[in-house]
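# Fold and contact review
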Amino acid sequence: MTDNVLLGSLWLIPVIGMAVVLALPRAWTVAIKWVALGTTITLLVASLVVLGVYLVRPAAQAPLSERAVRNELVWSGGDGYVDSNETPAASLDLVVRRPWIPYFNIQYYLGVDGVSLGLIVLTGLIGVLACLASWTIDKQVKGYYALYLLLTASMMGVFIALDLILFYVFFELMLLPMYFLIAIWGGPRREYAAIKFLLYTLFGSVFILVAILVLFYYEGVSLRGFKGHSFDIVGLTTVLSETSYYPRWLQGWVFLLFFTGFIVKLPSFPFHTWLPDAHVEAPTPISMVLAGVLLKTGGYGLVRIAWPMAPAGAYDWSMLAACLGVFSIVYGALVTMAQTDFKRLVAYSSVSHMGYVTLGMAAMSLFAADGSTRLDPRYYAYGVNGALYMMLAHGVTSAGMFFLAGVSYDRTGTRDLDKLGGLNNCMPRYGAFSYVIFLGAMGLPGLCGFVGEIFVLLAAFHYNLPLASAAAAALVLTAGYVLWTIQRVFMGRNEAWSGLRDLNFRETAIAVPLVVLTIALGVLPQALVLSWMSPAVDRMVRGVVAARELDPIPPRAVSAAGGRAPAARVADR
């Protein structure tokens, strides 16, 4: 098996499954469902194979920059045709490069490292579970599963694309199937929710596209043979960390453009209002995908693109990013406490939890406590590790919470928390699974949410005491709305629900993997994730630190708590 086959299968498998679904007669609804389920299971297996190759092959664990060189594209003649220069050492190193549009230096460029690997496996897992949760869909089944598989392919493509244009194509492709899945199979206000989702995300995508074009067309002084006009994510990251080709003022604008575009998808305040409407109106399986995977494409964009490809700009605007992250944490938690709709409550909790991702990336604690310029990037690495771990943990718990909210609605016909209650008496298995997943989302020590939150807070307290204190205080608010939800949904007695049936076999099969992961990721974070994720994160952090050394920031006033004052304008390179 080659890298081209292995990595290409991650987005081609669901596309092939979609083609088979479209070829089947519309009346064969059961066959369509089984084809879709088999496709998602195959995709999960492929993602686990990629994980296995990464863990056992040293060549695959090498830095992306080294693997990119082993798979570089070279000009083969005067006609401008580009050919691959793969070396024997590049076999199964989980990078593939092929010419796509040579005239504009656009490549079919795929790769995997510790930053993206967890999200790839998460996408495969949620794809299977949401497909199982879709078994009760009986309206236009053929169209539903075709769009569902296209959505899965586009999300997977985002996490493996290493060419900016290819990344943007996959990033935009997600909009089409998600729009129709909400607009056709959603609730009473589905058209409004779908168009709001589409407009907001298109708005954010414009900023990302402008930033990509700025990086491509900017012509600076040639350094180390680099003359710009590149969409290579790995190559541009190396240039920005090792040279001063892109001046500081330009990086500031590029960072703001990337940051704005990605926090719309994350989402973060003030671009979050599309999310509750989309979740409330979307069918339960699509809410699982939206919260479990699609939101993570925004966080992944921050980690892979926004910070590494504009590191000097990230320094200058880190305080703004941190403030937005903390405000989203506190605001999201407060608004969550005011909700009476089960799905809207879970949606606003996602706004709060994704604030930790932004804060973890923004807590760039690269100054010593005494205010000297001696670098101390350890705590920043904690923040980035925490942000990535938070995305994985939230992907598990949020998908579980939306699934459980959907089960409750299917049984009772209501999402009003004031009308629920006593479900634990008639649905004990449902209650037991719910407790684990909700407490995992709360960040209870020993469950998955705690690990990401504590890493982010470690970085934040080293960065800025007031912001870190506000983020830590929000944990009390999180505990408040989680425990209050458990009380309103499961505790007490409500004779109206006395005859409800507990989870069936299919629903139990969906809940069990989520419960197991909620516990396992909290008990064994190092063995399951951090052992292979942290080296890639450390390399990313070292690249950002190297960029700081190229364009040093003057010593700044540092508070007694180890925080630092807002960045002053620094002269261009």
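Everything in this summary refers to the structure shown in the same document. (Residues numbered from 1 in each chain as written. Predicted model: local features only at pLDDT ≥ 70, side-chain atom pairs only at ≥ 80, totals over all residues. Heavy atoms only, no water.)

Here the focus is the overall build of the protein. Within the protein, the secondary structure is distributed over 23 helices and four strands. The C-alpha radius of gyration computed for the protein amounts to 23 Å, which stays within 12% of the reference 25 Å derived for 573 residues, consistent with globular compactness. Dimensions of the protein, computed from the C-alpha atoms along their principal axes, are close to 75 × 60 × 45 Å. In the protein, which comprises 573 residues, the share counted as buried stands at 63%. Pairs at least 24 residues apart make up 78% of the contacts formed inside the protein by residues separated by at least 6 positions. When the accessible surface of the protein is split by element, carbon and sulfur atoms take 67% of a total near 19,900 Å². Side chains of the protein carry 37 positive and 32 negative charges; the gap between the two charge centres is 5 Å. (Helix = DSSP H or I, 4+ residues; strand = E, 2+ residues; numbered from the N terminus. Rg over C-alpha atoms; globule rule 2.2 N^0.38 Å. Buried < 20%, exposed > 50% of the residue type's maximum accessible area, 1.4 Å probe, protein only. Contact = heavy atoms within 4.5 Å. Areas by Shrake-Rupley, 256 points an atom, 1.4 Å probe, with all protein chains shown as cover. Lys, Arg positive; Asp, Glu negative; His and termini not counted. Charge placed at Lys NZ, Arg CZ, Asp CG, Glu CD.)

Phe258 and Trp307 are the most contacted members of the largest nonpolar core, which totals 203 residues. Of the residues forming this core, the biggest block, 18 residues, is contributed by helix α17 (residues 378–412). In terms of nonpolar packing, the next biggest core, distinct from the first, is built from six residues, Ala68, Tyr109, Leu162 and Val234 among them. (Core = buried A, V, L, I, M, F, W, Y, C linked by side-chain atoms within 4.5 Å.)

With that settled, the discussion passes to the environment of Ile160. Checked against the element boundaries, Ile160 lands in helix α6 (residues 141–160). Expressed as a C-alpha distance, the spacing of Ile160 and Gly118, which sit 42 residues apart in the sequence, is 11 Å. Every residue in contact with Ile160, bar those within four places of it in the chain, is listed here: Leu7, Leu10, Trp11, Tyr109, Leu110, Gly111, Val112 and Ile120.

Quick look at the packing of aromatic side chains now. Following the criterion strictly, the structure yields 31 aromatic pairs and no others. Here Phe171 and Phe262 contribute two aromatic rings whose centre-to-centre distance is 5.9 Å and whose plane-to-plane angle is 90°, an arrangement assigned as edge-to-face. Remark: Phe262 occurs in helix α11 (residues 248–265) and Phe171 occurs in helix α7 (residues 164–173); sequence separation between them is 91 residues. For Phe171, a relative accessible area of 1% corresponds to the buried category. (Phe/Tyr/Trp six-rings, centres within 6.5 Å; stacked < 30°, edge-to-face > 60°.)

Quick look at the side chain of Ser154 now. Mapping Ser154 onto the fold places it in helix α6. Contacts of Ser154, omitting those with residues within four sequence positions, involve Phe170, Leu173 and Met174.

Take the pairing of strand β4 (residues 106–111) next. Buried residues dominate β4, accounting for six of its six residues. Neither face of β4 is open: one carries Ile106, Tyr108 and Leu110, the other Gln107, Tyr109 and Gly111, and all of them are buried. In this structure, strand β3 (residues 95–101) lies alongside β4, joined through six bridges in antiparallel fashion. Residue Arg97 lies in a different strand from β4, and its bridge partner there is Tyr109. As consecutive antiparallel partners, β3 and β4 are separated by four residues, and within that stretch Asn105 has a phi angle of approximately 60°, a positive value. (Pairing = 2+ DSSP bridges.)

Another aspect to go through is the pattern of salt bridges. Under the defined criterion, the tally for this structure stands at 10 salt bridges. Of the charged contacts in the structure, one is a salt bridge between Lys196 and Asp277, with a shortest N-O distance of 2.9 Å. Here the residue Lys196 occupies a position in helix α9 (residues 190–217), and Asp277 occupies one in helix α12 (residues 274–281), the gap between them amounting to 81 residues. One network of salt bridges, in which partners are shared, links Arg189, Lys196, Asp277 and Arg344. (Salt bridge = Lys/Arg side-chain N within 4 Å of Asp/Glu carboxyl O.)

We now examine the side chain of Arg506. Of note, Arg506 is situated in helix α22 (residues 505–523). Glu507 provides the closest opposite charge to the buried, unpaired Arg506, separated from it by 4.1 Å. Residue contacts for Arg506: discarding those within four places in its chain leaves Leu132, Ala133, Trp135 and Thr136.

For the pair helix α16 (residues 342–362) and α17, interaxial distance at closest approach is 8 Å and the crossing angle is 170°. Classed by the angle they form, the pair α16 and α17 counts as roughly antiparallel. From α16, Phe342, Lys343, Val346, Ala347, Ser349, Ser350, His353, Met354, Tyr356, Val357, Gly360 and Met361 reach across to α17, where they touch Tyr380, Gly383, Val384, Ala387, Met390, Met391, His394, Ser398, Met401, Phe402, Ala405 and Ser408. Taken together, the residues of the contact of α16 with α17 sort by class into 15 nonpolar, eight polar and one charged. (Axes fitted to C-alpha atoms, helices over the stretch in contact; angles between N-to-C directions. Parallel < 35°, antiparallel > 145°, perpendicular 65-115°, else oblique. Nonpolar A, V, L, I, M, F, W, Y, C, P; charged D, E, K, R; others polar.)

As a packed pair, helix α8 (residues 175–185) and α9 sit with axes 7 Å apart at the nearest point and diverge in direction by 160°. Here α9 runs roughly antiparallel to α8, going by the angle between their axes. When the axes of α8 and α9 are compared, the crossing they make is right-handed. Packed against α8, whose contacting residues are Leu175, Met178, Tyr179, Ile182, Ala183 and Ile184, the element α9 presents Arg190, Glu191, Ala193, Ala194, Ile195, Phe197, Leu198, Thr201 and Leu202 at the interface. (Left-handed = near helix turned anticlockwise from the far one by under 90°.)

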